[in-house]
Amino acid sequence: MFPFHIVFDSEMIIRHVGSGLFAVKPDIIGYDITHIFNLLKPLIDFTWDQLIIHVNNAFELRTIDRVLRKGSEVASGENHDALGDSSGAKGDDSDSDDSNDAQSGVLLHLKGQMKPMSNWNCFCFLGTLVMTDLSVLFKAGLYLNDLSMHDSSRDLLLAGTQQSAELKLALDQEQQKSQILEDSMMRLDQERHRAAELLYQMIPRQIADQLRNGVPAEDTWQVFAAVSILFSDMYQFVNICERLTPLEVVSLLNAMYVSFDSRTEEHNVYKVETVNDSYMIVAGAPVPDDQHCSHICDMALDMLEEVKTVMNPSTGRHIEIRIGVHSGTIVGGVVGIRTPRFCLFGDPVNTASRMQSSGEPMKIHVSQQTAENLDRSVYVIEKRGPMEIKGKGTMMTYWILGKKAAANRKSSPTPPKIR
């Protein structure tokens with residue numbers, strides 16, 4: 001009726017055990033119970049006198065050694081002492097923790113009451129097996145039939161195991177969903193990052209962030225009091241197009257623009273746009289820069305060096321460009337809704353374009369405003385003289401021939417601001 005009961009006398013010697021306990025500990029009869037079990041609860045000495053005093057408490061016992069049914073298919077390879085913990089078979093070798101636990105058995109945990117048997121001067125411990133799941137039974141070599149058939153132990157164990165399996169399945173499903181959601185969020189962040197980088201390539205970062213935060217496009221317009229604008233074009237571009245296929249023209253322009261783009265961050269200039277063979281950049285916007293004149297001229301000098309590496313397939317020689325620069329005050333910002341771009345407006349834009357169109361191949365043509373704001377101890381500046389500029393009348397213009405040798409070995413000083 002109680003498969004895990006233990007009867008012991010006043011000398012603490014075990015006199016009888018239940019069938020379930022006998023299946024895994026058949027040789028403990030006649031031994032001191034304190035040598036077989038540890039008293040977990042209550043926290044008292046495991047003696048006869050203390051048991052009498054606390055007889056109304058709930059008791060919990062646990063075996064000192066691991067237990068395993070004799071003749072079990074999963075047997076232990078250990079040699080146990082005379083207390084009956086030995087097994088005649090050896091288990092299969094396994095690297096898993098579960099297999100190792102099964103081969104060596106488990107510590108049997110019992111919970112119940114101490115019932116005094118006055119006529120026999122004994123105590124009867126009426127205990128039940130404490131289990132978290134069916135694995136405890138399997139590791140001990142026990143079966144459901146070893147549990148008491150007169151209480152709910154079997155039903156509770158099976159119901160708990162089923163519920164545990166359902167909860168584990170639900171947890172696994174939730175973990176899978178969580179992993180899928182985490183992967184989706186990671187891909188979303190990557191796409192957002194790529195979209196942001198693409199936007200930053202079209203619009204200046206600080207203005208793009210304003211637009212993403214809901215600022216209207218017209219609120220991004222700003223007056224830039226001192227900037228330098230550069231225009232360049234490919235010399236005799238029409239003649240080149242006549243000799244090349246459309247794909248060759250596109251490849252030629254791409255090679256030129258890629259070489260220019262690689263230098264923009266180095267010189268702190270911003271690429272505004274490209275139209276056919278025309279390349280437009282600005283220094284001093286969208287981030288104000290006191291050294292805009294020197295930065296734009298340094299970029300222009302590097303552009304002349306870069307084009308020497310871009311070859312014209314029709315002639316086998318490098319292409320030639322014309323560069324024009326002008327400085328002044330402009331208005332800049334994003335206009336339009338579809339395909340928004342950072343645009344510049346003001347007379348300096350037209351003047352810089354005229355400097356380029358009236359220039360000469362492989363030369364940097366600058367206005368008087370730009371030349372006056374360059375340090376002549378750094379740059380080699382040659383006066384071109386008064387020129388008739390379309391739409392502007394007569395203007396004094398200059399050539400930037402390069403940088404002086406001493407200037408190439410030190411950073412250029414800050415030029416004065418445009419007045």
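Remember, predicted model here, so these are calculated numbers, not experimental data.

K.L.:
Which parts of the structure should I look at to understand the overall build of the chain?
P.N.:
Looking only at helices and strands, one finds 12 helices and 14 strands in the chain. Taking all 419 residues of the chain together, 42% fall into the buried category. Within the chain, residue pairs in contact and separated by at least 24 positions form 61% of the contacts whose partners lie at least 6 positions apart. As displayed, the chain has an accessible area near 23,400 Å², and 51% of this comes from carbon and sulfur atoms.

K.L.:
So what exactly am I meant to see when it comes to helix H10 (residues 292–306) here?
P.N.:
An α-helical turn contains 3.6 residues, so any two residues separated by three or four positions project in the same direction. Its 15 residues place the ends of H10 21 Å apart at the C-alpha level, agreeing with the 21 Å of an ideal helix rising 1.5 Å per residue. Within H10, 14 of the 15 residues are buried, which leaves it mostly tucked inside the rest of the structure.

K.L.:
Before we go on, may I ask you to explain the sheet that holds strand E3 (residues 37–41) in this structure?
P.N.:
Within a sheet, each strand pairs with its neighbour through backbone hydrogen bonds, oriented either parallel or antiparallel. Spatially, six strands are ordered E2-E1-E6-E5-E4-E3 in an open sheet, and the strand pairing comes out antiparallel. Taken across any chain shown, the strands that pair with only one partner, and hence form the sheet edges, are strand E2 (14–17) and E3. Within this sheet the neighbouring strands show an average axis-to-axis angle of 30°, counted without direction.

K.L.:
Is there a simple way to explain the pattern of salt bridges in this structure?
P.N.:
Here the idea is simple: oppositely charged side chains can pair when their charged atoms come close. Throughout the structure, instances matching the rule amount to 12 salt bridges. We note a salt bridge from Asp-347 to Lys-392, for which the minimum N-O separation is 2.6 Å. In this pair, Asp-347 sits in helix H11 (residues 347–357) while Lys-392 sits in the loop between strand E13 (379–389) and strand E14 (393–403), placing the two residues 45 residues apart along the sequence. Given a relative accessible area of 31%, Lys-392 falls into the partly exposed group. Residues Lys-363 and Glu-360 are paired through a salt bridge, measuring 3.4 Å at the closest nitrogen-oxygen approach. On the basis of relative accessibility, which here comes to 31%, the residue Lys-363 falls in the partly exposed class. Look at the salt bridges and you will find they share partners, linking Arg-263, Glu-266, Asp-302 and Glu-306 into a network.

Calculation criteria
- Numbering of residues starts from 1 in each chain and follows the order in which that chain's sequence is written.
- Reporting in this predicted model follows two pLDDT cut-offs: at least 70 for local features of residues, and 80 or more for side-chain atom pairs to be given and counted; totals over whole chains, interfaces and linings ignore these cut-offs and use all residues.
- Computation of side-chain values covers all heavy atoms of the structure but excludes hydrogens and water.
- Under the scheme used here, helices are H or I runs from DSSP no shorter than 4 residues and strands are E runs no shorter than 2 residues, and both carry numbers assigned from the N terminus.
- For each residue, the accessible area found with a 1.4 Å probe, counting protein chains only, is set against the maximum for its type, and the residue is called buried under 20%, exposed over 50%, and partly exposed in between.
- Residues are treated as being in contact if the distance between any of their heavy atoms lies within 4.5 Å.
- Per-residue accessibility takes into account occlusion by the displayed protein chains alone, with areas from the Shrake-Rupley method and a 1.4 Å probe.
- Helices are assigned an expected span. That span is 1.5 Å times one less than the residue count.
- The pairing criterion is simple: DSSP has to find at least two bridges between the two strands.
- Throughout, an axis means a line fitted to C-alpha atoms (over the contacting stretch in the case of helices), and angles, computed between N-to-C directions, take values from 0 to 180 degrees.
- Salt bridges are counted wherever a side-chain nitrogen of Lys or Arg sits within 4 Å of a carboxyl oxygen of Asp or Glu.

These results come straight from atomic positions and should not be treated as a statement about function.
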